[in-house]
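Each chain, written out:
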Amino acid sequence: MKIGKQLVLPALILIAGFGTMASAQAPATGAKKPAAKKARVFFVEPKNGATVMSPLHMKFGSEGIEIAAVPPGDLTKAQVRPGKAHYHVGIDQACLPAGKNIVKGTPSWVHFGDGKDVFDTQLTPGKHKLALQLGDDKHDTMPGTCEVITVDVKP
């Protein structure tokens, strides 16, 4: 009996210690969720500074946003789907400012309103600047979602 009484106190201390550890690991109510990942866009290929041949094969990537085809028809600003975008590639162009509309049919910008992430194009020999930029359903550029690389096209 004496041994049983001697074990009660250490057992209570262990139980209290485990309870304290468990409550410390439980998320507090009202705790902030991790911030959503900031949207970004990048060239998977070619790499910046690459020497390439024409036709040039490009592959695009993004994080923190869903790439999706643009819905058909003329959309209003209210119909633009948040968190969704599509790619645009500017040939020998710089990034456009956020909120700028990339007009369809502009010769220096290629639209991927179908949601595709690959593109092959003929480029003349020499250095070229390629801008990859995200646009919303109305083709308005999105803040912080542009990357510019240069490639050297060999004859």
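Up top is the structure these notes are about.
Residues numbered from 1 in each chain as written. Predicted model: local features only at pLDDT ≥ 70, side-chain atom pairs only at ≥ 80, totals over all residues. Heavy atoms only, no water.

Visitor: Could you give an account of the pattern of salt bridges, with specific residues and numbers?
Guide: A complete count under the given rule lists 6 salt bridges for this structure. Two residues, Glu63 and Arg40, come together in a salt bridge whose shortest N-O distance is 3.0 Å. In this pair, Glu63 is assigned in strand S3 (residues 56-63) and Arg40 in strand S1 (residues 40-45), connecting sequence segments 23 residues apart. Residue Glu63 is classed as partly exposed on the basis of its relative accessible area of 27%. Here Asp152 makes a salt bridge to Lys154, at a shortest N to O gap of 3.4 Å. (Salt bridge = Lys/Arg side-chain N within 4 Å of Asp/Glu carboxyl O. Helix = DSSP H or I, 4+ residues; strand = E, 2+ residues; numbered from the N terminus. Buried < 20%, exposed > 50% of the residue type's maximum accessible area, 1.4 Å probe, protein only.)

Visitor: Can you lay out the layout of surface pockets for me, pointing to particular residues and giving the numbers?
Guide: Any space left empty among the atoms is revealed by the rolling of a water-sized probe across them. If you add up the space inside the largest pocket, you get close to 200 Å³. Around the largest pocket, the lining residues are Val70, Pro71, Gly73, Asp74, Leu75, Lys104, His111, Gly113, Asp137, Lys138 and His139. For the lining of the largest pocket, the residue count by class is 3 nonpolar, 4 polar and 4 charged. (1 Å grid on protein atoms, 1.4 Å probe; cavity = no way out; pocket = protein on both sides within 12 Å on 5 of 7 lines; lining within 4 Å. Points joined across faces, edges and corners; volume = space filled by probe spheres on them. Nonpolar A, V, L, I, M, F, W, Y, C, P; charged D, E, K, R; others polar.)

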